[in-house]
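Fold and geometry: a report
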Amino acid sequence: MQTKNYIIISASVIVLITAIALTFYFVGKKKVNNVAKLPDQTNWGNELDDTENLEIQKHSRKLYEDMKGLNFLSRDASIYSEYLASSDRVFVGAANYFAQTYGKGENLAQWLDSENFAITNIGLSTTIDSIMGRLAKYGITA
C-alpha cells in the first residue's frame, strides 16, 4: 500500500515538473523578438515603396510554402538564393513579414533552423547558413 502511494506521489511530481518546464518553454518562445529594424528605419512598413512591399510579400510567401509541412523532397533552391540576393530592406522586411504572417510565434531564423536542408539538398545548406548569418546581423536569431 505504501509503495502505491510513493508511485502516485512520484508520478504527480514528474507531471508537475513537466508542466512547469513546458510552460516556461512556450512563454519563452513567445517573448523572442520576431521583428528587426529595417536599415535606416524604425518601422518596417513606413517608408517602403510598393515594389519593395510586393517583393517582401513574395519572398515571405515562397519561403513559407517551401517550408510548411513535412518536407522529404528536394527544395527549390532558387527561392532561398533570390531571398539572399535581395536588398537589406527587402531582406529584413521579408523576415519581419514572415514572422508576423506565417511564423505562428516563431521568426524566420527559427523556421530555417528547424528545417532539414542537408538530406535532399546538397549545397543548399551553404545558402541557408548565409541567410542565417545575415538574419543574425539584424538580431533575428533562432
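What comes next concerns the included structure. (Residues numbered from 1 in each chain as written. Predicted model: local features only at pLDDT ≥ 70, side-chain atom pairs only at ≥ 80, totals over all residues. Heavy atoms only, no water.)

Let us look at the nonpolar core. If you look at the biggest cluster of nonpolar residues, it comprises 26 residues, and the most contacted ones within it are Tyr80, Tyr83, Leu108 and Leu135. Looking at this core, the elements with two or more residues in it are helix 2 (50-67), helix 3 (77-84), helix 4 (88-101), helix 5 (108-114) and helix 6 (124-137). Once residues within four sequence positions are removed from consideration, Leu135 is found in contact with Tyr83, Phe91, Ala95, Leu108, Ala109, Leu112 and Ile140. (Core = buried A, V, L, I, M, F, W, Y, C linked by side-chain atoms within 4.5 Å. Buried < 20%, exposed > 50% of the residue type's maximum accessible area, 1.4 Å probe, protein only. Helix = DSSP H or I, 4+ residues; strand = E, 2+ residues; numbered from the N terminus. Contact = heavy atoms within 4.5 Å.)

Our next topic: the packing of helix 4 against helix 6. Close contact between helix 4 and helix 6 brings their axes to 11 Å; oriented N to C, the two are set at 90°. On the basis of the axis angle, helix 4 is roughly perpendicular to helix 6. Across the interface between the two elements, Asp88, Phe91 and Ala95 of helix 4 pack against Ile131, Arg134, Leu135 and Lys137 of helix 6. For the contact of helix 4 with helix 6, a count of residues per class yields four nonpolar, no polar and three charged. (Axes fitted to C-alpha atoms, helices over the stretch in contact; angles between N-to-C directions. Parallel < 35°, antiparallel > 145°, perpendicular 65-115°, else oblique. Nonpolar A, V, L, I, M, F, W, Y, C, P; charged D, E, K, R; others polar.)

Before going further, it helps to spend a moment on helix 4. Relative to the 20 Å expected for 14 residues at 1.5 Å per residue, helix 4 spans 20 Å between its end C-alpha atoms, a close match to the ideal helical length. Counted residue by residue, helix 4 has ten buried out of 14 residues, so it is predominantly covered. Buried residues along helix 4 sit in contact with helix 2, helix 3, helix 5 and helix 6. (Expected span 1.5 Å × (residues − 1).)

This part takes up the packing of helix 2 against helix 3. Put simply, helix 2 and helix 3 touch, their axes get as near as 10 Å, and they point 145° apart. Here the hand of the crossing between helix 2 and helix 3 comes out left-handed. Contacts between helix 2 and helix 3 pair Lys58, His59, Lys62, Leu63, Asp66 and Met67 from the former with Ile79, Tyr80, Glu82 and Tyr83 from the latter. The residue makeup of the contact of helix 2 with helix 3, split by class, is five nonpolar, one polar and four charged. (Left-handed = near helix turned anticlockwise from the far one by under 90°.)

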